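Tertiary structure, described
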Amino acid sequence: MKIVCMKTGGFMGSQLSCVIELDELSPVEKDGFEAVQEKSLKDDKMRDSYVYKFEFPDKNKEDEIEIDETLVTDRMVPFINKVDSKLK
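Being a predicted model, the structure only gives us computed values, none of them experimental. Residue numbers restart at each chain and count upward from 1, following the sequence in its written direction. The predicted nature of this model means local features are confined to residues of pLDDT at least 70 and side-chain atom pairs, given and counted, to a pLDDT of 80 or more, with totals for whole chains, interfaces and linings taken over all residues. With hydrogens and water stripped out, all remaining heavy atoms of the structure feed into the side-chain values.

Helix and strand content of the protein: 2 helices and 4 strands. Numbering of helices and strands runs from the N terminus; a helix is a DSSP stretch of H or I covering at least four residues, while a strand is a stretch of E covering at least two. In sequence order, the secondary structure elements of the protein are arranged as β-β-α-β-β-α. Here's how the labels work: a residue is buried when its accessible area is under 20% of the maximum for its type, exposed when over 50%, partly exposed in between, all with a 1.4 Å probe on protein chains only. In the protein, buried positions account for 35% of the 88 residues. Any two residues whose heavy atoms approach within 4.5 Å are treated as being in contact. Across the protein, every contact between residues at least 6 apart in sequence was considered, and the portion connecting residues at least 24 apart equals 62%. Accessible surface is estimated by sampling points in the Shrake-Rupley manner with a 1.4 Å probe; for residues, cover comes only from the protein chains shown. Taken as a whole, the protein presents about 5500 Å² of accessible surface, with 47% of it coming from carbon and sulfur.

For the rest of this paragraph, the subject is the pairing of strand S4 (residues 64-68). Each regular strand displays side chains that alternate between the two surfaces of the sheet. Counted residue by residue, S4 has 4 buried out of 5 residues, so it is predominantly covered. As paired elements, strand S3 (residues 50-55) and S4 share 5 bridges and run antiparallel to each other. When the bridges of S4 are listed, lysine 53 appears paired with glutamate 66. Two strands make a pair as long as DSSP finds a minimum of two bridges between them.

Let's shift gears to the pairing of S3. The pairing of strand S1 (residues 2-9) with S3 spans 6 bridges and is antiparallel. Following the sheet pairing, glycine 9 is matched in S3 by tyrosine 50.

The next point concerns the sheet that holds S3. Spatial strand order, S2-S1-S3-S4: 4 strands in an open sheet with antiparallel pairing. Two strands in the sheet have a free side with no partner beyond their single neighbour: strand S2 (14-21) and S4. The mean inter-strand angle of the sheet, taken between neighbouring strand axes irrespective of direction, is 20 degrees. Note on geometry: axes are lines fitted to C-alpha atoms, helical ones only across the stretch in contact, with angles between N-to-C directions running from 0 to 180 degrees.

Salt bridges are defined by distance alone: a side-chain nitrogen of Lys or Arg within 4 Å of a carboxyl oxygen of Asp or Glu. The final tally for this structure, using the stated rule, is 6 salt bridges. The closest approach of N and O atoms between aspartate 84 and lysine 7, which form a salt bridge, is 3.4 Å. Placement of aspartate 84 in helix H2 (residues 77-86) and of lysine 7 in strand S1 is noted, with a sequence separation of 77 residues between them. For aspartate 84, a relative accessible area of 32% corresponds to the partly exposed category.

Moving on, we come to the nonpolar core. When a protein is soluble and globular, its nonpolar side chains tend to lie buried together. Side-chain atoms within 4.5 Å link the members of a nonpolar core, which is a set of buried Ala, Val, Leu, Ile, Met, Phe, Trp, Tyr and Cys residues. Ile3, Phe54, Phe79 and Val83 are the most contacted members of the largest nonpolar core, which has 19 residues in total. Of all the elements in the fold, those that place two or more residues in this core are S1, S2, helix H1 (27-38), S3, S4 and H2. When residues no more than four places from it in sequence are discounted, the contact partners of isoleucine 3 are Cys18, Val19, Ile20, Leu22, Leu25, Phe33, Phe54, Glu55, Phe56 and Phe79.

Moving on, we come to the confidence of the model for the protein. Chain-level statistics for the protein give a pLDDT mean of 86 and a share of 89% at 70 or above. Within the protein, no element has a lower average pLDDT than S4, which sits at 88, and none a higher one than H2, at 94. What pLDDT expresses is the predictor's confidence in each residue, scored from 0 to 100.

Shown next as structure tokens:
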């Protein structure tokens, strides 16, 4: 399964993206990905923070998850670190 990852925001309004294959994730990163899939976490008050957006084009329906960087949990960190290492 492909995961389209985007990181947008910050005070400069930057946008970075990458594609990650589920097969390339380690077990710890997969656990972090499962935590990300549980729900979107957005804080509209945090205008200068980054927002991670994940889309799953291989699924039949258009799923989209958004996570504000200030709301990332410890369980999500390994997956978020993987995303950050691949962003362009």
